[in-house]
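# Summary of structural features
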Number of protein chains: 2
Amino acid sequence: MYYTVCEVAKRLNLSPHTIRFYSKEGLLDFVERDQNGNRIFKESDFERLFIIASLKRAGMSIKQIRAFTLLCDKGDSTIAQRLQIIMNQREAVEEQITELQDALDVLKYKTWLYEVALEAGTTAVHDHMPPEDMPPNIRRIKERIRRLTDDMEQCYRNAANT
Amino acid sequence: MYYTVCEVAKRLNLSPHTIRFYSKEGLLDFVERDQNGNRIFKESDFERLFIIASLKRAGMSIKQIRAFTLLCDKGDSTIAQRLQIIMNQREAVEEQITELQDALDVLKYKTWLYEVALEAGTTAVHDHMPPEDMPPNIRRIKERIRRLTDDMEQCYRNAANT
DNA sequence: ATAAACCTTAGAGTATACTCTCAAGCAAGA
DNA sequence: TCTTGCTTGAGAGTATACTCTAAGGTTTAT
């Protein structure tokens, strides 16, 4: 049972253009061809295709994935290197998630600000709002933002004093 | 107390080029200028700068942030629209985090595969490994990957039968 | 006065990842 | 046979977000 580029594209939720682009970039050298040069994807190719798609989702560039697939094709002598690449990317993804969660906190804070402002009819409602009037989680986020902006001042003053 | 582009860049962990680029794109129209046309950033500008940087980190494009800042400058009549934008982006970030966590699972699975293969000296160690020999969390991830690749087959068979 | 160290803008260049067009080839059905 | 519908590679085009260069202006120290 073989699959065409369009079928594979549909399964991976990518465009056929993108599959051919990845192929051109050397990410799909393991895919066989028929006598006319058409790619024939096999059942057993899907795990590897899925891994490649996952590495992409994990934020690896095509160049990085290319380097990784070259190591894969080189065989057992490169296992340690491949492990290192995967572990590095793991760390990178964990960092990305942390960063997104911080950004999410800011969005939660803004959501609360706008909900209150919408109720009041004006954003001026926040001009002199005491922290006690904020929900605890919002207050925590605002505190974190304030600390960051204070750091800015602090750094500046330090720089000015030297 | 005023701040220059370079100082602000340092605080936001961006390059001065990037700050000027954002300015050119209309993200910093609220920043005042001195008599020579130099940007003068004030203490009170930092929260807004931080929000813009957060929206960027949340994955909004410059165009989207531009649209948002235009609404901000328009005043209280746009609060509901701004709230909607923030809530939409919140959802987008939550999706991004979910996707990254899925990618992370795949990386954890691959880490385990390579650790075992490194010990054995060959990736062939996995060719006939029974699921019982895998740690439960790894088995769960492998199951999820298998289900996804099986979906591929399933979809194909369905398509072939119609 | 003049050089250093900032600032400014316009605009060109770069990197990444597609995204699309085109011309051509092959296979199957009317 | 001819049209339809797929495939192919080459290569051009697009979008995004920087990133840098160049030319010029101001302030400050020597």
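Within each chain, residues carry numbers counting from 1 in the order of the written sequence. Whichever chain is written first is A, and whichever ligand is written first is 1; the rest continue in order. Reporting of local features is limited, given that this is a predicted model, to residues whose pLDDT is at least 70; pairs of side-chain atoms are given and counted only at 80 or more, and all residues count toward the totals for whole chains, interfaces and linings. Side-chain figures throughout are based on the complete set of non-hydrogen atoms in the structure, without hydrogens or water.

Another point: the protein's contact with DNA strand C. Taken together, 19 residues surround DNA strand C, and among them H17, Y22 and N36 of chain A together with R20 and R39 of chain B come closest. Each atom of DNA strand C within 4 Å of the protein was classed as base or backbone; sugar and phosphate made up 71%. Contacts to DNA strand C include R39 of chain B, whose side-chain N or O atom sits 2.8 Å from a phosphate oxygen. Of all the secondary structure elements, the ones that give two or more residues to the surface near DNA strand C are α2 (16-24) and α4 (62-74) of chain A together with α1 (5-12) and α2 (16-24) of chain B. Neighbouring residues are identified by heavy atoms, a residue being near a molecule or strand if any of them is within 4 Å of it. In the analysis that follows, any N or O atom pair within 3.5 Å is treated as a polar contact, provided that within protein one partner can donate a hydrogen and the other can accept it, and provided that, for residues neighboring in sequence, both atoms belong to side chains. Numbering of helices and strands starts at the N terminus; helices are DSSP runs of H or I of at least 4 residues and strands are runs of E of at least 2.

We now examine the protein's contact with DNA strand D. The local shell around DNA strand D holds 19 residues, among which C6, R20 and R39 of chain A together with H17 and Y22 of chain B are the closest. Backbone atoms, meaning sugar plus phosphate, form 75% of the atoms of DNA strand D positioned within 4 Å of the protein. The contact in question runs from a phosphate oxygen of DNA strand D to an N or O atom on the side chain of R20 of chain A, over 2.5 Å. Residue I62 of chain B places a main-chain N or O atom 3.3 Å away from a phosphate oxygen belonging to DNA strand D. In terms of residue count, α2 of chain B provides more of the surface near DNA strand D than any other element does, four residues in total.

Let's shift gears to the relation of the copies chain A and chain B. Least squares is the method for superposing the copies, and the C-alpha atoms it fits come from residues with pLDDT of at least 70 in both. Between the two copies, chain A and chain B, the superposition gives an RMSD of 0.0 Å; the rotation angle is 180° and the shift along the axis is 0.0 Å. Those values place the two copies in the arrangement expected of a two-fold rotation axis. Relative to the rotation axis, the C-alpha of I97 of chain A is the closest in chain A, positioned 3.0 Å from it. The criterion used for residue contact is that any of the two residues' heavy atoms lie within 4.5 Å. Both copies contact each other with a shared surface, as 98% of the interface residues of chain A are interface residues in chain B too.

Before going further, it helps to spend a moment on the environment of A92 of chain A. All names here are of chain A. In this fold, A92 is placed in helix α5 (residues 79-120). The rule is simple: take the accessible area with a 1.4 Å probe, protein chains only, and divide by the maximum for that residue type; under 20% is buried, over 50% is exposed, in between is partly exposed. We classify A92 as partly exposed; its relative accessible area is 27%. Spatially, the C-alpha atom of A92 lies 8.3 Å from that of G59, the residues being 33 residues apart in sequence.

With that settled, the discussion passes to helix α3 (residues 45-57) of chain B. Residue and element names in this part refer to chain B. Given a rise of 1.5 Å per residue, 13 residues ought to cover 18 Å, and the 18 Å separating the end C-alpha atoms of α3 matches this to within 8%. For α3, the set of buried residues is D45, F46, L49, F50, I51, I52, A53, S54 and L55. Once α3 finishes, G59 follows within two positions and takes phi at roughly 95°, a positive value. Working rule for helices: expected span equals 1.5 Å times residues minus one.

This part takes up the sheet that holds strand β2 (residues 32-33) of chain A. What links the strands of a sheet is backbone hydrogen bonding, and the strands pair in either a parallel or an antiparallel sense. Residues and elements named next belong to chain A. Reading across from one edge, β1-β3-β2 is the order of the three strands in this open sheet, with antiparallel pairing throughout. Strand pairing shows two members of the sheet lacking a second neighbour, β1 (2-3) and β2, which therefore form its edges. In this scheme, strands are said to pair when DSSP sees at least two bridges between them. As judged from the two bridges shared by β2 and strand β3 (residues 39-42), these two strands associate in the antiparallel manner. Bridge assignment links E32 to a residue of β3, and that residue is I40.

The next point concerns a negative patch on the surface. Together, E91, E94, E95, E99 and D102 of chain A line one region of the surface with negative charge. The residue D102 of chain A is located in helix α5 in this model. Exposure above 30% relative accessible area and the absence of a salt bridge qualify a residue for a patch, where like charges join within 9 Å and nonpolar side chains (Val, Leu, Ile, Met, Phe, Trp, Tyr) within 5 Å. Values of accessible area rely on a 1.4 Å probe in the Shrake-Rupley scheme; residue burial ignores everything except the protein chains shown. We define a salt bridge as a contact between a side-chain nitrogen of Lys or Arg and a carboxyl oxygen of Asp or Glu at a distance within 4 Å. As used throughout, the charge tally considers Lys and Arg to be positive and Asp and Glu to be negative, leaving His and the chain termini uncounted. Charged groups are reduced to one reference atom each: NZ for lysine, CZ for arginine, CG for aspartic acid, CD for glutamic acid.

Turning to the interface of chain A and chain B, a few remarks are in order. Contact residues are listed per partner, giving 57 residues for chain A and 56 residues for chain B. Carbon and sulfur atoms supply 77% of the area buried between chain A and chain B, which totals about 5300 Å² over both sides. The interface formed by chain A and chain B includes zero salt bridges. Across the chain A-chain B interface, the total number found is ten residue pairs in polar contact (both at pLDDT 80 or more). Secondary-structure elements contributing two or more residues to the side of chain A that touches chain B are β1, α1 (5-12), α3 (45-57), α4, α5 and α6 (136-161) of chain A. The element contributing the most residues to the side of chain A that touches chain B is α5 of chain A, with 27 residues. In the scheme used here, Gly and all other residues not listed as nonpolar or charged are polar, with Ala, Val, Leu, Ile, Met, Phe, Trp, Tyr, Cys and Pro taken as nonpolar and Asp, Glu, Lys and Arg as charged. In the side of chain A that touches chain B, the residues fall into 32 nonpolar, nine polar and 16 charged. When two parts are put together, the accessible area they lose, computed with a 1.4 Å probe and summed over both, is reported as buried area.

With that out of the way, let us pick up the sheet that holds strand β3 (residues 39-42) of chain B. Ordered by their spatial adjacency, three strands build an open sheet running β1-β3-β2 (chain B), and the pairing between neighbours is antiparallel. Whereas interior strands pair on both sides, the edge strands pair on one side only; in this sheet they are β1 (2-3) and β2 (32-33) of chain B.

All names here are of chain B. Inspection of the sheet shows β1 paired to β3 by two bridges, in the antiparallel sense. From the neighbouring strand, Y2 faces β3, where its bridge partner is K42. With antiparallel pairing between neighbouring strands as the criterion, β2 and β3 make up a hairpin whose turn holds five residues, including G37 at a positive phi of roughly 90°.

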